[in-house]
Amino acid sequence: MARSAFTFFILTGLVLLLSACQQESDAPPKKDAAAPAAATPAAAPPTVDPALAAQGKDLYNQNCIFCHQADGIGKPGFAPSLVNPELLSISSDRFLLSTIRDGREGTGMPPFAHLGRKKIEAIVAFLRSHAKLPDRAAEVDAEPRSQGDPRLGRFWFDQICATCHGENGDGYVAGGTGTAIGKEGFLSKASDGFIRETIKYGRSNTRMLGFTGPDAMANLSDSEIDDIIAYLRTVPSKN
Ligand code: HEC
Ligand code: HEC
C-alpha cells in the first residue's frame, strides 16, 4: 500500500515537472522585468550628499570605469550594471561596501581595500545618486532564509539559470552573460532575500528577467525559487 502511494506520488511529481518545462519553453522571453510590487509611486529614492557623490564620481572614473563603463551602466558578459534600479534598491551599504572592498575572487572583480573605507563610501554615494527606486535593502535582508530543497533547486538551475550563469554558476568565465552566482564572492555577501528578490523581479534592461508575474520568462513558484537558493548555497563547496 505504502509503496503504491509512493509510486503515485513520484509519477504525479514527474508529470508536474514535465508540464512545467513545457510551459517554460512555450513562453517567449519578454523585454522588461516587472518592477517590485512593494515599490509604491509615493516612496522616493534615498537622498545622497552631492559633494560626496561628486568625489565618488572622480574615484569611480579612476578605478571602475574601465570595466563598469561610464556612469556605471555595465557591459553585458563583462561587468554588471552598477546603477540598475533594482540592484540599488535591494543592495545594503554593507553589500556594496564589502563587495567593492573584497572584490569577487575567481571573477574579473578585483578587491579595492587599498582605497580605504572613506573613498569606497564616496563611490557608493555616487552609485546611489543614480537610484530611482526606494531603498528596500533592510526589508529584503530581513526576509526569512530559504528552507528549500537543494536537489529540486539543482534541476531548475541546470534547466534555466546555467544557460547564462554557467554550469556551476561560474559566471562570465563560463561564457555566459550572467555573473558568478555560484561563487563565494557573491554568496558570502548576498542574503537569501537579496537572491530571492533578484530571481523574482529581475533587473530591468538587462538579460536578467524576473521569474514571476505576466512578464516573466518562466514562472517559478516561491517554493521553487527557495529550492534554487538552497541549491546555490551548496555550489561553492562542490568546486
Ligand atoms: C577589471 C574589471 C573590473 C573593475 C576594474 C571593477 N569591477 Fe566591479 N565587477 C567586475 C565584474 C566582472 C563583476 C561581476 C563579478 C561576478 O561575476 O560575480 C563585478 C561586480 C561588481 C559589483 C557587484 C554587482 C552586482 O550586480 O552584484 C559591484 C558592486 C562592483 N563590481 C563595484 C565595482 C566598483 C565600485 C569598482 C571600482 C572601485 C569596480 N567594481 C571595478 C569587474 C570589475
Ligand atoms: C538570459 C540570461 C539569464 C538567465 C536565464 C538567468 N540570469 Fe540571472 N543574471 C543575468 C544577468 C545578465 C545578470 C546581471 C545583470 C546586470 O548586468 O546587472 C544576472 C544577475 C543575477 C543575480 C544577481 C547576481 C549579482 O552578481 O548580484 C542573481 C542572484 C541571478 N541572476 C540569479 C539567477 C537565477 C537563480 C536564474 C535561474 C532561475 C537566473 N539568474 C537566470 C542573466 C540571466
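Structure: above.
Draft legend 1. Up close: the site of ligand 1. As a matter of local geometry, ligand 1 sits amid 23 residues, with Cys 64, Cys 67, His 68, Arg 104 and Met 109 nearest to it. Contacts to ligand 1 include Ala 180, whose backbone N or O atom sits 2.8 Å from an oxygen atom. At 2.8 Å from an oxygen atom of ligand 1 is found a side-chain nitrogen or oxygen belonging to Arg 203. Where the shell around ligand 1 is concerned, the elements lending two or more residues are helix H3 (65–68) and helix H5 (93–102). Among the elements that take part in the shell around ligand 1, H5 stands out by supplying 4 residues, more than any other. Here the shell around ligand 1 is composed, by residue class, of 15 nonpolar, 6 polar and 2 charged. In this structure, the shell around ligand 1 is formed jointly by two domains, domain 1 (50–137) and domain 2 (139–238), each of which donates at least three residues.

Draft legend 2. The arrangement of the site of ligand 2 in detail. In the vicinity of ligand 2 lie 23 residues, with Cys 161, Cys 164, His 165, Thr 179 and Met 208 positioned nearest. When residues of the shell around ligand 2 are traced back to their parent elements, those giving at least two are helix H8 (150–165) and helix H10 (192–201). The leading source of residues in the shell around ligand 2 is H8, at 4 residues. Of the residues contributing to the shell around ligand 2, the split by class is 13 nonpolar, 7 polar and 3 charged. Summarising the domain contributions, the shell around ligand 2 has at least three residues from each of domain 1 (50–137) and domain 2 (139–238).

Draft legend 3. Seen up close, the coordination of the iron atom of ligand 2. Looking at the metal site, the iron atom of ligand 2 is ligated by His 165 (NE2) and Met 208 (SD), spaced 2.0 to 2.2 Å from it. Geometry at the iron atom of ligand 2 is octahedral, judged from the 6 donor atoms that bind it and their angles of 88 to 179 degrees at the metal. Here His 165 is found in helix H8, whereas its partner Met 208 is found in the loop between H10 and helix H11 (222–238), with 43 residues between them in sequence.

Draft legend 4. Looking closely at helix H2 (residues 50–63). Taking 1.5 Å of rise per residue, 14 residues should cover 20 Å, and H2 covers 20 Å from first to last C-alpha, within 8% of that figure. Along H2, the positions that sit buried rather than exposed are Ala 53, Gly 56, Leu 59 and Tyr 60. Along the long axis of H2, the arc covered by the buried residues comes to 120 degrees, so they all point the same way. Structural note: H2 exposes Pro 50, Ala 51 and Gln 62 on the side pointing more than 90 degrees away from its buried face. Lining the buried residues of H2 we find H3 and helix H6 (117–128). Regarding H2, its N-cap is Asp 49, as a side-chain oxygen of that residue lies 3.1 Å from the backbone nitrogen of Ala 51 further along.

Draft legend 5. Summary view of the coordination of the iron atom of ligand 1. Taken together, the protein ligands of the iron atom of ligand 1 are His 68 (NE2) and Met 109 (SD), with distances of 2.0 to 2.2 Å. Taken together, the 6 donor atoms surrounding the iron atom of ligand 1 define angles of 87 to 180 degrees at the centre, an arrangement classified as octahedral. With His 68 in helix H3 and Met 109 in the loop between H5 and H6, the pair connects residues that are 41 residues apart, well separated along the chain. On the accessibility criterion, His 68 (9% relative accessible area) is buried.

Draft legend 6. Region of interest: the nonpolar core. If you look at the biggest cluster of nonpolar residues, it comprises 36 residues, and the most contacted ones within it are Phe 186, Phe 194, Ile 195, Ile 199 and Leu 220. Per element, the largest residue contribution to this core is 6 residues, and it comes from H11. Composition of this core by domain shows at least three residues from each of domain 1 (50–137) and domain 2 (139–238). Apart from residues no more than four positions distant in its own chain, Ile 199 is found in contact with Met 208, Leu 209, Gly 210, Phe 211, Leu 220, Ile 225, Ile 228 and Ile 229. Within the second largest apolar cluster, 7 residues are counted, among which are Tyr 60, Leu 82, Leu 88 and Phe 126.

Draft legend 7. Inspection of the side chain of Ser 91 at higher detail. By the element assignment, Ser 91 lies in the loop between helix H4 (85–90) and H5. Here Ser 91 falls in the buried class, since its relative accessible area comes to 0%. Within the local environment of Ser 91, its side chain forms a polar contact with the backbone oxygen of Leu 87, the two atoms lying 2.7 Å apart. Dropping the residues within four chain positions of it, Ser 91 is found in contact with Leu 96, Arg 128, Ala 137 and Phe 194.

The rules behind each value
Chains are numbered independently. Their residues run from 1 in the order of the written sequence. As they are written, the chains are lettered A onward and the ligands numbered 1 onward, keeping that order. A pLDDT threshold of at least 70 governs which residues receive local features in this predicted model, and a stricter bar of 80 or more applies before side-chain atom pairs are shown or counted, although totals over entire chains, interfaces and linings include all residues. Excluded from the side-chain calculations are hydrogens and water; all other atoms, namely the structure's heavy atoms, are used. Think of it this way: one heavy atom of a residue within 4 Å of a molecule or strand is enough to make that residue near it. Whenever a nitrogen or oxygen atom comes within 3.5 Å of another N or O atom, the pair is scored as a polar contact, on the condition that within protein one atom can donate a hydrogen and the other can accept it, and that pairs from neighbouring residues in sequence are kept only if both atoms are in side chains. We count a stretch as a helix when DSSP gives it H or I for four or more residues in a row; a strand needs E for two or more, and each element gets its number in order from the N terminus. Amino acid classes used here: Ala, Val, Leu, Ile, Met, Phe, Trp, Tyr, Cys and Pro are nonpolar; Asp, Glu, Lys and Arg are charged; the rest, including Gly, are polar. Throughout, the edges of the domains are those of an automatic or database domain assignment. Sites may look incomplete, because water is not among the atoms used; the donor set itself consists of N, O and S atoms within 2.8 Å of the metal (3.2 Å for Na, K and Ca). Metal sites are grouped by the angles between bound donors: all angles between 85 and 135 degrees with four donors is tetrahedral, opposite donors over 155 degrees apart with the others between 65 and 115 is square planar for four donors and octahedral for six, and any other pattern is irregular. Expected helix span is given by 1.5 Å per residue-to-residue step, counting one fewer step than there are residues. Each residue is placed in one exposure class: buried if its accessible area under a 1.4 Å probe, protein chains only, is under 20% of its type's maximum, exposed if it is over 50%, and partly exposed if it falls in between. The directions considered for the arc are those from the helix axis to the C-beta atoms. Any two residues having at least one pair of non-hydrogen atoms within 4.5 Å are treated as being in contact. Take the buried residues of types Ala, Val, Leu, Ile, Met, Phe, Trp, Tyr and Cys, join any two whose side-chain atoms come within 4.5 Å, and each joined set is a nonpolar core.

Distances and angles like these do not, on their own, reveal function.
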